[in-house]
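Chain by chain, the residues:
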Amino acid sequence: MLSFISKRLLVALLVCLTVSALSFGLMFVSGDPAIAIAGSGGRAEDAEAIRQAYGFDRPLIVQYLDWIGSALTGNLGQSIYFNVPVTEIIGNRAGVTLTLGFISFLVALVIAVPLGVAAALRPNGWIDRIALVIAVSGQAIPSFWLGLMAIVVFGVWYGWVPISGADTWQGYILPVIVLSYYAIPELMRITRSGMIDVLATDYVRAARAKGLPMHLVISRHALRNAVLPLVSLAAVQLGQLLSGSIVIESVFALNGLGRLAWESLLRSDLPVVQAIILILSLLYVVLTTLADILNAVLDPRLRGGS
Amino acid sequence: MTQTFSLKRLTAVAALAASTALSLGTAALADKASNTLNVAFAAEPEPLDTYKIAGRQGLILARHIYDGLLYKNLDTGEIVPALAESWEFTGPLTMEFTLRQGVKFHNGADFTADDVVGTLNTVITPEYGTRYSISVDWIDSVEKLDDYKVRINMSKPFAGAIEMLADALPIYPHAFFAENGSAGIAATPIGTGPYKLISQEPGIRYEMERFEDHYEGSPKSGATIDKITVRTIPEMNTQFAELMSGSLDWIWRIPPDQAAQLESRVQVISAPIMRIGYVGFAPEAMAGETPIADKRVRQALIHATNRGAIVDAFAGGASKVLNTPCNPAQFGCEQDVTTYDYDPEKAKALLAEAGYADGFDLEMVFAAMPRPTAEAVAADLANVGVTLELNEQQYASGIGKWRAKELPAFFSNWGSYGIGDTAFILSNFFGGGADDLVQDAELATWLTEADTASDREVRSENYSKAVKKIAEEAYWMPMYNFNVNYGLSNDLNFTPHPDEFARWWAASWK
């Protein structure tokens, strides 16, 4: 088990390094950051001054090593746009994203897993049909459209919730509903198909044959086995919810990390972009590693040849 | 069965929602009652140190908080006193200012010559990193003559000096600024302006309150609105929903097609601005080895482009076709110039004369322009046999390629910092610098003469010569002046200005 974990961690570290090096290189492919920072009215002289001031005139590899060197000591640098430490901005914006991400994840799980189980118990029954409609529409409706419609109906029309912003907790209601709606289909379908497979196995049949009540069969025997693919998927989903809610954050004017990353890219605020990419790739790596370990705990077969 | 029923019902709800989206919110409640103006921008304002801001959003906030020595009244074109009561040129390179007495900063400090000296002498140093060097590089030093008198020593003649002093170079309280620097003034903005900042979440939310001790005789006096709340709402559709439901009173930069839809529910105003769209031709690109190096080809391209139709279709509002590489609203922008009507036959004839009867391929990058406008230009040119290889890029990439002389044609726009003077745009693109891919020595001479002369007659005469030659040589295909659509609460009185600086201190409720 220990060698399994240490192997996973080594791979995780390599992934982080690769991602940060790639993203660093890509930032420079998309145009001269000095000109971008100088803005559309900036003259060549202004861009040159910026190039010198931020050291963009040095070789790329030197800039990267410089950056990774400070990042390893916990110094993520200064935001070029906001002129304050990157950690301060990210600290200010992370709360919204974390709140939104975790709550949406929980809501999605609480709805998706029971619905998936119920659907699996009676395939093609009415619950299964409803689940199918939710799954199909969740995957087909663009999130910005659903977000705007929710705003129109519940914000403008009925006035039940604020239209945008996260000044009060009510501001989270619509974004959480919309965001979790997009996480539900996959979670639900994988629960359903996992359960259908497991329910057809001999040990479940044996458990039922010895007279165990259905809820115990499901919770003790079936779900534990059906949950393996769900754990891996849920880790990826949580990563997506925490990092990829740019559209939802824009529509509802929530100032989270997703939007910060997007805006920083547009204004060539390299230190912020690099820091967010690093944090998010770390997050993904940690989540998938946790999922692997959790699966290994749940299923001894996955612990490898040790 | 359940499935089809649910789907139908879902579609019905969605359709209902969509159809009501734009038919609601006729009753604008606005915040007239609490006398608070609620504003939204789509882009995040920069930290509130004017000298480091490039975007309009931050500059608008800053102009409510800080004041400059002078102010330009755009209705009359006159420069009027602000923190300085009077000023005069005491030599070719020296200006003296008599400062206003009894002006207070938001923190209670008195405004004196020390503040002017302390601010300007700091922002002109290269270490300070003022965003646009052109705004301060003409100042050599600032001296205190007495408590209410200062002298500015110029490092070079610069015709835009007075324009720059007119609210573009604000004065900070010297003691606070010396101690806390740029980051400090941005975190705790203190000025003499008509509004003071109460709270901010940088880039996200700002609250300003009317400053009761704003000085008598200020060109920004007479504010009637108590509070201004500014939020960042990136999605325009969300802004529309807030505006229609009354939780916003002021939004701007509404795309033309959406402006038309909003018109029946809220006030929509279209106002022309200084920014102009253009296609720059680069005779110098690829060492002069492109068809663009031939004047007849450039003229043919302009004749072949139906600019009138493009403006009507994609810009609308207050936009008009231009014949000059500057905005007619700017000083020195001569309008009596060679013009090129839409005439594809003439274009073909000119191309044939230049030896391109069968047309040619040409790369054009467009940046910060709507894609349909670039595609329309390409379609028009295809009619005369010229195949445009269109390439959309970020402005930084496009102008980088332009400066590297790798681009024969560049379609973009330029804002002149919102200043009503041709000096900036002409000198940048035709004055011999890095953006000048024409490198016409005669133009550069006239422009230097015009930029440095203090006599307006001399300036206007030289700009006129330059503008005429640029049009005659067809160095640029000027497209149109931009306009901005504002969406306002039905209760709000607001007058837009061509420099794109919203003056909320002059806004009021109906």
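Procedures and definitions
- Residues numbered from 1 in each chain as written.
- Chains lettered and ligands numbered in written order.
- Predicted model: local features only at pLDDT ≥ 70, side-chain atom pairs only at ≥ 80, totals over all residues.
- Helix = DSSP H or I, 4+ residues; strand = E, 2+ residues; numbered from the N terminus.
- Buried ≥ 20, exposed ≤ 12 C-beta atoms within 10 Å, placed from the backbone.
- Contact = placed C-beta atoms within 7 Å.
- Axes fitted to C-alpha atoms, helices over the stretch in contact; angles between N-to-C directions.
- Left-handed = near helix turned anticlockwise from the far one by under 90°.
- Nonpolar A, V, L, I, M, F, W, Y, C, P; charged D, E, K, R; others polar.
- Expected span 1.5 Å × (residues − 1).
- Arc of directions from axis to C-beta.
- Parallel < 35°, antiparallel > 145°, perpendicular 65-115°, else oblique.
- Domains from an automatic or database assignment.
- Core = buried A, V, L, I, M, F, W, Y, C linked by C-beta atoms within 7 Å.
- UniProt positions renumbered as here; feature names shortened; annotations may be inferred.
- Pairing = 2+ DSSP bridges.

Asker: Can you explain the overall build of chain A? Please cite residues and give values.
Answerer: Helices and strands together make up the secondary structure of chain A, namely 13 helices and zero strands. In terms of overall dimensions, chain A has C-alpha extents of about 80 × 60 × 30 Å along its principal axes. Counting across all 306 residues of chain A, residues that qualify as buried make up 41%. Sequence separation of at least 24 residues holds for 73% of the intrachain contacts in chain A that already meet a minimum separation of 6.

Asker: A description of the packing of helix α5 (residues 86-121) of chain A against helix α8 (residues 173-199) of chain A should follow, citing residues and the corresponding values.
Answerer: Residue and element names in this part refer to chain A. Between α5 and α8, the shortest axis-to-axis distance is 6 Å and the interhelical angle comes to 35°. Judged by the twist between their axes, the crossing of α5 over α8 is right-handed. Taken together, the residues that form the contact of α5 with α8 break down as 23 nonpolar, four polar and one charged.

Asker: An account of helix α12 (residues 371-382) of chain B is needed here, citing residue identities and associated values.
Answerer: Residue and element names in this part refer to chain B. The first and last C-alpha atoms of α12 sit 16 Å apart over twelve residues, in line with the 16 Å expected at 1.5 Å per residue. Listing the buried residues of α12 in full gives T373, A374, V377, D380 and L381. Buried residues of α12, seen end-on, are gathered within an arc of 125° and therefore sit on one face of the element. Of the residues in α12, the exposed ones pointing more than 90 degrees away from the buried face are R371 and P372. The inward-facing, buried residues of α12 abut α9 (295-304), α10 (307-315), β13 (360-366), β14 (386-392) and β15 (409-414).

Asker: Residue-level account of helix α1 (residues 2-29) of chain A, with values.
Answerer: With 28 residues, α1 of chain A should cover 40 Å at 1.5 Å per step; its first-to-last C-alpha distance of 41 Å lies within 8% of that length. With its phi angle positive at about 130°, G31 of chain A sits one or two positions after the end of α1 of chain A.

Asker: An account of the interface of chain B and chain A is needed here, citing residue identities and associated values.
Answerer: Each partner contributes to the interface: chain B provides 51 residues, whereas chain A provides 43 residues. The element contributing the most residues to the side of chain B that touches chain A is helix α1 (residues 2-21) of chain B, with nine residues. Here the side of chain B that touches chain A is composed, by residue class, of 24 nonpolar, 20 polar and seven charged.

Asker: If you had to explain the packing of helix α12 (residues 257-266) of chain A against helix α13 (residues 270-298) of chain A to someone new, which residues and values would you point to?
Answerer: Residue and element names in this part refer to chain A. The contact between α12 and α13 brings their axes to 8 Å, and the two run at 140°. Of the possible angle classes, the one that applies to α12 and α13 is oblique. Helix-helix and strand crossings are classified by hand; for α12 and α13 the assignment is left-handed. Packed against α12, whose contacting residues are L257, L260, A261, S264 and L265, the element α13 presents V272, V273 and I276 at the interface. Considering only residue class, the contact of α12 with α13 consists of seven nonpolar, one polar and no charged.

Asker: Requested: an account of unusual backbone geometry, with residues and values cited.
Answerer: Within the chain, N124 of chain A stands out as a residue other than glycine whose phi angle is a positive 70°. Among the secondary structure elements, N124 of chain A is positioned in the loop between α5 and α6 (126-140). In the Ramachandran plot, D167 of chain B falls in the positive-phi region, its phi being about 75° despite a non-glycine side chain. Residue position: D167 of chain B is located in the loop between α5 (161-165) and α6 (174-187).

Asker: With reference to specific residues and values, describe the domain arrangement of chain A.
Answerer: The domains assigned to chain A are domain 1 (31-72) and domain 2 (97-255). Using only C-alpha atoms to locate each centre, domain 1 of chain A and domain 2 of chain A end up separated by 44 Å.

Asker: Can you tell me about the nonpolar core, naming the residues and giving the values?
Answerer: Core analysis: the biggest nonpolar cluster contains 227 residues, and L187 of chain A together with F411, L426 and A466 of chain B have the highest contact counts within it. A total of 14 residues in this core trace back to one element, the largest contributor, which is α8 of chain A. Taken together, domain 1 (31-72) and domain 2 (97-255) of chain A each give at least three residues to this core, which thus spans both.

Asker: Could you give me a rundown of the UniProt feature "domain: Solute-binding protein family" (unreviewed entry) in chain B, with the residues and numbers involved?
Answerer: Feature annotation in UniProt assigns "domain: Solute-binding protein family" (unreviewed entry) to the following positions: residues 78-433 of chain B. Secondary structure over residues 78-433 of chain B splits into 31% helix and 25% strand, and the C-alpha atoms at its two ends are 31 Å apart.

Asker: Describe the UniProt feature "transmembrane region" (unreviewed entry) in chain A, naming the residues involved and giving the relevant values.
Answerer: Residue and element names in this part refer to chain A. According to UniProt, the positions carrying the feature "transmembrane region" (unreviewed entry) are residues 100-121, 130-157, 169-185, 226-252 and 272-298. Split by type, residues 130-157 is 93% helix and 0% strand. Its first and last C-alpha atoms lie 27 Å apart. When the span residues 169-185 is considered, its composition is 76% helix and 0% strand, and the gap between its end C-alpha atoms is 26 Å.

Asker: Outline the pairing of strand β5 (residues 94-99) of chain B, supporting the account with residue identities and numerical values.
Answerer: Every regular strand shows the same layout, with side chains that alternate between the two sheet faces. All names here are of chain B. The two faces of β5 differ: M95, F97 and L99 on one face are buried, but T94, E96 and T98 on the other face are not. Hairpin connection, strand β4 (residues 84-91) to β5: the antiparallel pair is bridged by two residues. Inspection of the sheet shows β5 paired to strand β7 (residues 149-154) by five bridges, in the antiparallel sense. In the sheet register, T94 faces β7, and the bridge partner there is N153.

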